[in-house]
Amino acid sequence: DTVLAGGFADAACVLWEMRMGRAVQTLKHHQHQCRSVHYAADGRWLLTASFDGTVACVDVTEGCVETVLTGHTDRVVCARSHPARPWVLSCSVDKTVRLWA
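Fair warning: this is a prediction, and the values are worked out from it, not measured in the lab.

*Asks:* I tried to follow the packing of aromatic side chains on my own but got confused; where do I start?
*Replies:* Given two aromatic rings, their pairing is described by the distance between the two centres and the angle made by the two planes. A complete count under the given rule lists one aromatic pair for this structure. On the numbers, 5.9 Å between centres and 70 degrees between planes, the contact of phenylalanine 8 with tryptophan 16 is edge-to-face. On the accessibility criterion, tryptophan 16 (26% relative accessible area) is partly exposed. A cation over a ring is seen here: arginine 75 above phenylalanine 51, with NZ or CZ 5.2 Å from the ring centre.

Next up, the structure:
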């Protein structure tokens, strides 16, 4: 099944099942705007970056947050996964880029 993810200003991350054409899950794991969503290459993991300064690793198959990465001192605007290694790269308004390995 094709699941589309979106992040919103109310801090929600919503997963939509495209064949059914409806939201199947709403995650509220951030405290501020969810500014970036990115699926890992395997499709199981979703990275969400937030203005609360965190990056969350969501297990889409289980529908739960597995890990929250903290360390930025300001808003996180983007997070991406490496296509072949278990690494996450995030960038923040604090003028840093972090590699999480």
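*Asks:* Honestly, the sheet that holds strand S4 (residues 34-39) in this entry has me stumped. Any pointers?
*Replies:* Backbone hydrogen bonds hold the strands of a sheet together, and the pairing may be parallel or antiparallel. The four strands lie next to each other as S4-S5-S6-S7, forming an open sheet whose pairing is antiparallel. The strands lining the two open edges of the sheet, one partner per strand, are S4 and strand S7 (64-69). In this sheet, neighbouring strand axes are inclined to one another by 25 degrees on average, regardless of whether the strands run parallel or antiparallel. Here S4 pairs with strand S5 (residues 45-50) via five bridges, running antiparallel. Across the sheet, serine 36 pairs through a bridge with alanine 49, a residue of S5.

*Asks:* Which parts of the structure should I look at to understand the nonpolar core?
*Replies:* Burial of nonpolar side chains together is a common tendency in soluble globular proteins. Leu47, Ala49, Val55, Cys57, Leu69, Val76, Ala79, Val88 and Trp100 together form the largest nonpolar core, which totals nine residues. Looking at this core, the elements that each hand over two or more residues are S5, strand S6 (55-59) and strand S8 (76-81). With near-sequence residues (within four places) excluded, alanine 79 lies in contact with Ser36, His38, Leu47, Ala49, Val55, Leu89 and Ser90. Core analysis: the next-biggest nonpolar cluster, separate from the first, contains eight residues, Cys13, Cys34, Leu46 and Val58 among them.

*Asks:* Could you clarify how one ought to interpret the sheet that holds strand S10 (residues 97-100) in this entry?
*Replies:* Reading across the sheet, the three strands line up as S8-S9-S10 and stay open at both edges, with antiparallel pairing between neighbours. Every interior strand has two partners, whereas the edge strands, S8 and S10, have only one. Averaged over all pairs of adjacent strands, the angle between strand axes in this sheet comes to 15 degrees, irrespective of strand direction. Pairing geometry for strand S9 (residues 88-92) and S10, over four bridges, is antiparallel. Opposite leucine 89, over in S10, you have leucine 99 as the bridge partner.

How each quantity is defined
Residues numbered from 1 in each chain as written. Predicted model: local features only at pLDDT ≥ 70, side-chain atom pairs only at ≥ 80, totals over all residues. Heavy atoms only, no water. Phe/Tyr/Trp six-rings, centres within 6.5 Å; stacked < 30°, edge-to-face > 60°. Buried < 20%, exposed > 50% of the residue type's maximum accessible area, 1.4 Å probe, protein only. Lys NZ or Arg CZ within 6 Å of the ring centre and 35° of its normal. Pairing = 2+ DSSP bridges. Helix = DSSP H or I, 4+ residues; strand = E, 2+ residues; numbered from the N terminus. Axes fitted to C-alpha atoms, helices over the stretch in contact; angles between N-to-C directions. Core = buried A, V, L, I, M, F, W, Y, C linked by side-chain atoms within 4.5 Å. Contact = heavy atoms within 4.5 Å.

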